[in-house]
Amino acid sequence: MLSTLAPVCRRLPAQARKQATVAAVVQKRFLNLHEYQAQKIFQEFGVGVPKNYPAFSVAEAAEKANLLPGDEVVVKSQVLAGGRGLGHFKENGFQGGVHIVPKGKVAETAEKMLGKTLVTKQTGAEGKPNNTLLLAEKVSIEKEKYFAILMDRASGGPLMIGSKVGGTSIEDIAAADPTAIIKQPVDVKEGMTSEIATSMATQMGFTGSQIPEAAALITNLYKAFIDCDCTMLEINPLAQLTDGRVLVCDSKVNFDDNAEFRQKAIFAQRDTSQENAMEVEAKKYDLNYIKLDGSIACMVNGAGLAMSTMDLLSILGGSPANFLDVGGASTVETMTAAFKIIMGDPNVKSIFVNIFGGIARCDHIAEAVVAGVKAVGGNDAIKPLVIRLEGTNVEAGMKIIKESGVNAFLTNDFTTGAKKAVELAK
């Protein structure tokens, strides 16, 4: 994965980040499609890929295998995580999420992979469900290269990254030989030209008749990147075959969430089974939620205050259970959804509601908080609750909560509230 060169995402505070599991630290602000879905998009843009078919059942896998050339086929698990080849399936211990097998053994292999949970170095111990297989023709690779396109702030547009060496992580390639990395900005207004594509192909080590073929592939990948509103497109390996073809043999593609309104067909392919269930639910209500592994649930309005809240809890010896920004327009519906999501986390021992009323008045937010608490069962069901209110109409807000009968520790002071939340979580 292109981790060191990926588009910059909002980072969690240093203290809270230490409390998070590797698999849950970064909230994805982009759509990530499976390999078989990306391959289909590439084909629509004229990008060469090995002949392949997705399979959703063991019987379908055996059937589709016979449509591929040769005696052997590549069987690839489809989960949204890297390191599939070195992973293992949790239920049966079957090693490897990628296999090359004779056609007669495809059904046997598929049985061990489909409907199972694949654990890789990127999924964490919980793994990810593997509900689909990609069956691809086995190709004879002469050389493996690396190619990617991403949005680059420094150059103010798309940046192509390539290497004569592929098949391994770009971080490892760069560490072994920094000069092996080729970078080529593309003027977003001018777009891709034949000269730029040819230069990139040549620098990546293509020669003779493969230069124009590689340049055409690079041009088509760029068109897919722009037309599909991608944030990152990574090809590893970009394969130079013994028969002269240049093909995309493995890929990772991300799409900008802000472009969903004009990329409906692409976003309709989103596989929510690969995502945290609570994060999926939060998205329905436009809540910015990230599951962490601590014990103090945070419900805050504003991303800056939310990050400060997690930092302070960590400094005081606590451990944030989540990042949750309920936004400026906190309604009864969103607050109810937020409480339900938080209450669904078995690790939560206390809840810290930290609200600063600006445009959103404290009295309106207080009414929403009270309604949310009652919606999840009231005082009999709610976990130890700390509410800190400050800002516009704070007196009215505090009065509403006090008179509601909601059992909560109330304060106007940020630090006092954080200390109490840490205390209640012990």
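Being a predicted model, the structure only gives us computed values, none of them experimental. (Residues numbered from 1 in each chain as written. Predicted model: local features only at pLDDT ≥ 70, side-chain atom pairs only at ≥ 80, totals over all residues. Heavy atoms only, no water.)

The next point concerns the overall build of the protein chain. In terms of helices and strands, the protein chain carries 14 helices and 20 strands. Dimensions of the protein chain along its principal axes, counting C-alpha atoms only, are 80 × 50 × 40 Å. Buried positions account for 51% of the 426 residues belonging to the protein chain. The distance from the centre of the 45 positive side-chain charges to the centre of the 47 negative ones in the protein chain is 3 Å. (Helix = DSSP H or I, 4+ residues; strand = E, 2+ residues; numbered from the N terminus. Buried < 20%, exposed > 50% of the residue type's maximum accessible area, 1.4 Å probe, protein only. Lys, Arg positive; Asp, Glu negative; His and termini not counted. Charge placed at Lys NZ, Arg CZ, Asp CG, Glu CD.)

It is worth spelling out the pattern of salt bridges at this point. Evaluation of the coordinates by the stated rule reveals 15 salt bridges. For the salt bridge of Glu-281 with Lys-284, the shortest nitrogen-to-oxygen distance reads 3.2 Å. Pair noted here: Glu-281 and Lys-284 are both in helix α9 (residues 277-284), with a separation of three residues, about one helical turn. Salt bridges here are not isolated pairs; linked through shared partners, they connect Glu-35, Lys-76, Arg-84 and Asp-250. (Salt bridge = Lys/Arg side-chain N within 4 Å of Asp/Glu carboxyl O.)

What follows deals with the environment of Gln-263. Topologically, Gln-263 is positioned in the loop between β14 (251-256) and α8 (264-267). Residue Gln-263 is classed as buried on the basis of its relative accessible area of 10%. When the C-alpha positions of Gln-263 and Asp-229 are compared, they lie 7.9 Å apart, and in sequence the two are 34 residues distant. Leaving out residues up to four positions away in the same chain, Gln-263 has contacts with Asp-227, Cys-228 and Asp-229. (Contact = heavy atoms within 4.5 Å.)

Looking now at the side chain of Asp-345. Its place among the elements puts Asp-345 in the loop between α11 (332-343) and β18 (350-357). Residue class for Asp-345 comes out buried when judged on its relative accessible area of 2%. Not counting chain neighbours up to four residues away, the residues in contact with Asp-345 comprise Met-278, Lys-291, Ala-321 and Lys-383.

Further remarks concern helix α7 (residues 210-227). Its 18 residues place the ends of α7 25 Å apart at the C-alpha level, agreeing with the 26 Å of an ideal helix rising 1.5 Å per residue. Turning to α7, its buried residues are Gln-210, Ile-211, Ala-214, Ala-215, Leu-217, Ile-218, Leu-221, Tyr-222, Ala-224 and Phe-225. (Expected span 1.5 Å × (residues − 1).)

Glancing now at the confidence of the model for the protein chain. When the pLDDT values of the protein chain are averaged, the result is 89; 93% of them are 70 or greater. Taken as a whole, residues 3-28 scores under 50 in pLDDT and shows 53 contacts with residues more than four places along the chain or in a different chain. (pLDDT = per-residue confidence, 0-100.)

This part covers the sheet that holds strand β8 (residues 133-137). The strand order β2-β8-β3-β5 describes an open sheet built from four strands, whose pairing is antiparallel. What marks the edges here is a single partner per strand, and that holds for β2 (52-55) and β5 (98-102). For this sheet the average axis-to-axis angle between neighbouring strands, irrespective of direction, equals 25°. With four bridges connecting them, β2 and β8 associate as antiparallel partners. In the sheet register, Tyr-53 faces β8, and the bridge partner there is Leu-135. Those strands touched by helix α3 (residues 58-65) are β2, β3 (72-77) and β8, and its axis lies near 165° from that of β2. Running at roughly 155° to β5, helix α4 (residues 106-113) makes contact with β3, β5 and β8 of the sheet. (Pairing = 2+ DSSP bridges. Axes fitted to C-alpha atoms, helices over the stretch in contact; angles between N-to-C directions.)

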